[in-house]
Amino acid sequence: MSTRMAAEVAEQPVAAARTLQALTSLRPAIRDLADGRRHVLFAARGSSDNAAVYGRYLLETHAGVLGGLLSPSVATHYRVPLDLSDTVVVCVSQSGSTQEIVTTQAWARECGAATIAVTNVDGSPLAAEADLALVTRAGPELAVPATKTYLTQLVAMAVLGTALAPEPTVLDADLARVPAEVERLIADRVGVGAAVAALRDASHVVASGRGLMMGTALEAALKLEETCLRPVRGYSYADLRHGPISVITSGVVAVLVAAPDGPLVEPLVELAGDLAGRGAVVVGIGGDPRFAAACALHVPGPDLPEALAPLGAIVPAQLVVEGLARELGLDPDEPRGLAKVTATDPHS
């Protein structure tokens, strides 16, 4: 059965290439806007929030810029006036029409922040009212779960993170390989069927990652929950280690995501072994050969450095989610209870 979600996953190489071409030239404008400002805060909900987690880690680890996640309720409900005069606030919304995020952006400007919008809709309220708009080029997305809009948000985060780095072009050769890596992962589908079978039979599922891959783990968990209607807990590596790991036992499937290099591969190899020792079936996405060997099932990830690995690693997770939804007899295009435009307070 062909689904819109599968078709839109397949469109991601072109969407990523278009977005890179459109946004890379905005690096000087990003640098100018951020000149003299010390902090970057992100405001988002849902999948956009997971893209922002990647943006924050990239800014801190690659650009040396302090980042953080802003709670929209501070703006929309508490209405607290904060001094944001040394801050760039990046508001992320696929539609550009999520009222909570639009309101948060307006509040941030009133508080003295410079504002950047990341959205897939040119002319949307978020784009129109920002100091600078990074408009992704995913094209119309008809399936409710965000796939190509999420990936192109990651591309926008990569442009932002490199724009504010001391050497903005140092990752450009690898950025240029992202569309081809995404295309390869979509075509290969290695390990996807086995991962679907394991998740189909799981009594409980947890997902975990760390550092630059944390957002990918959270996005994989969110997609499994909202598209496959399975309760999934997304944990950072550290949070899983500090307590929840004690309840891991047989019947649990643990989805771990890792980059192919970087300082966090070894800890995730150790985590995979620990979880397996407690009886969990460990499904690994990405990582290196040691990580793959430590997992019961492995879905290869991208051949990209850690700083850019999230742009490819989400693709195998999307393939697993789409396949699992169909295996469970669900419609991945229109999951129950999910809407395209987020409304945190639908009655307010």
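The text that follows walks through the structure, step by step, so that each part is easy to find.

Reading the values: the criteria
- Residues numbered from 1 in each chain as written.
- Predicted model: local features only at pLDDT ≥ 70, side-chain atom pairs only at ≥ 80, totals over all residues.
- Heavy atoms only, no water.
- Pairing = 2+ DSSP bridges.
- Helix = DSSP H or I, 4+ residues; strand = E, 2+ residues; numbered from the N terminus.
- Axes fitted to C-alpha atoms, helices over the stretch in contact; angles between N-to-C directions.
- Contact = heavy atoms within 4.5 Å.
- Buried < 20%, exposed > 50% of the residue type's maximum accessible area, 1.4 Å probe, protein only.
- Right-handed = clockwise from strand over helix to strand, strands pointing away.
- Parallel < 35°, antiparallel > 145°, perpendicular 65-115°, else oblique.
- Nonpolar A, V, L, I, M, F, W, Y, C, P; charged D, E, K, R; others polar.
- Polar contact = N/O pair within 3.5 Å; in protein donor to acceptor, adjacent residues only side chain to side chain.

**Details of the sheet that holds strand S8 (residues 252–258)**
Adjacent strands of a sheet form backbone hydrogen bonds with each other and so pair up, either parallel or antiparallel.
Next up, step 1: With respect to topology, five strands assemble into an open sheet ordered S7-S6-S8-S9-S10, the strand pairing being parallel. On the outer flanks of this sheet lie strand S7 (232–236) and strand S10 (297–299), each paired with one strand and no other. When strand polarity is set aside, the average angle formed by the axes of neighbouring strands in this sheet is 20 degrees.
Next up, step 2: Most of the contacts of helix H11 (residues 214–228) go to S7, to which it runs at about 175 degrees, and overall it touches strand S6 (204–209), S7 and S8.

**Re the pairing of strand S1 (residues 39–43)**
Next up, step 1: The buried count for S1 comes to five of five residues, which makes it a mostly enclosed element.
Next up, step 2: Along S1, one buried face is formed by His-39, Leu-41 and Ala-43 and the opposite face, lined by Val-40 and Phe-42, is buried too.
Next up, step 3: Pairing analysis gives four bridges linking S1 to strand S2 (residues 66–69), with the strands arranged parallel. Bridging from a neighbouring strand, Phe-42 pairs with Leu-69 of S2.
Next up, step 4: At this point the chain moves from S1, through helix H4 (residues 46–63), to the parallel S2, and the crossover so formed is right-handed.
Next up, step 5: In the sheet, S1 pairs with strand S3 (residues 87–92) via five bridges, with the strands oriented parallel. Each residue of the ladder has a partner; that of Phe-42, found in S3, is Val-90.

**A closer look at the sheet that holds S1**
Next up, step 1: With respect to topology, five strands assemble into an open sheet ordered S2-S1-S3-S4-S5, the strand pairing being parallel. The open sheet has two free edges, formed respectively by S2 and strand S5 (132–135), since each of these has just one partner strand. For this sheet, the mean angle separating the axes of adjacent strands, direction not counted, is 20 degrees.
Next up, step 2: Looking at chain direction, S3 and strand S4 (residues 114–119) are connected through five bridges and run parallel. Following the sheet pairing, Val-90 is matched in S4 by Ile-116.
Next up, step 3: Lying on the sheet, H4 is in contact with S1, S2 and S3; it crosses S2 at an angle near 165 degrees.
Next up, step 4: Sheet strands touched by helix H8 (residues 148–163): S1, S3, S4 and S5. Its angle to S4, the strand with the most contacts, is close to 145 degrees.

**What to know about unusual backbone geometry**
Next up, step 1: With phi around 55 degrees, Arg-189 is a residue other than glycine that occupies positive phi space.
Next up, step 2: Tracing the sequence through the fold places Arg-189 in the loop between helix H9 (172–188) and helix H10 (192–200).
Next up, step 3: Look at Arg-189 and you get partly exposed, because its relative accessible area is 36%.
Next up, step 4: Although it is not a glycine, Leu-229 sits at a positive phi angle of roughly 55 degrees.
Next up, step 5: Within the secondary structure, Leu-229 sits in the loop between H11 and S7.

**Section: the pairing of S3**
Next up, step 1: For S3, a buried count of six out of six residues is recorded, marking the element as mostly surrounded by other parts of the structure.
Next up, step 2: Crossover connection from S3 via helix H6 (residues 99–110) to parallel S4: handedness right-handed.

**Considering the packing of helix H2 (residues 12–23) against H9**
Next up, step 1: Axis separation between H2 and H9 bottoms out at 8 Å; the angle between their running directions is 170 degrees. In terms of orientation, H2 lies roughly antiparallel with respect to H9. Residues Gln-12, Pro-13, Ala-16, Ala-17 and Leu-20 of H2 form the contact with H9, whose participating residues are Leu-175, Pro-179, Val-182, Glu-183 and Ile-186.
Next up, step 2: The residue makeup of the contact of H2 with H9, split by class, is eight nonpolar, one polar and one charged.

**With respect to the side chain of Glu-181**
Next up, step 1: Locating Glu-181 in the fold gives a position in helix H9.
Next up, step 2: For Glu-181, the side chain forms a polar contact with the main-chain nitrogen of Asp-303, separated by 2.6 Å.
Next up, step 3: When residues no more than four places from it in sequence are discounted, the contact partners of Glu-181 are Pro-302, Asp-303 and Leu-304.

From the geometry alone we can't say anything about function, so treat these as descriptive.
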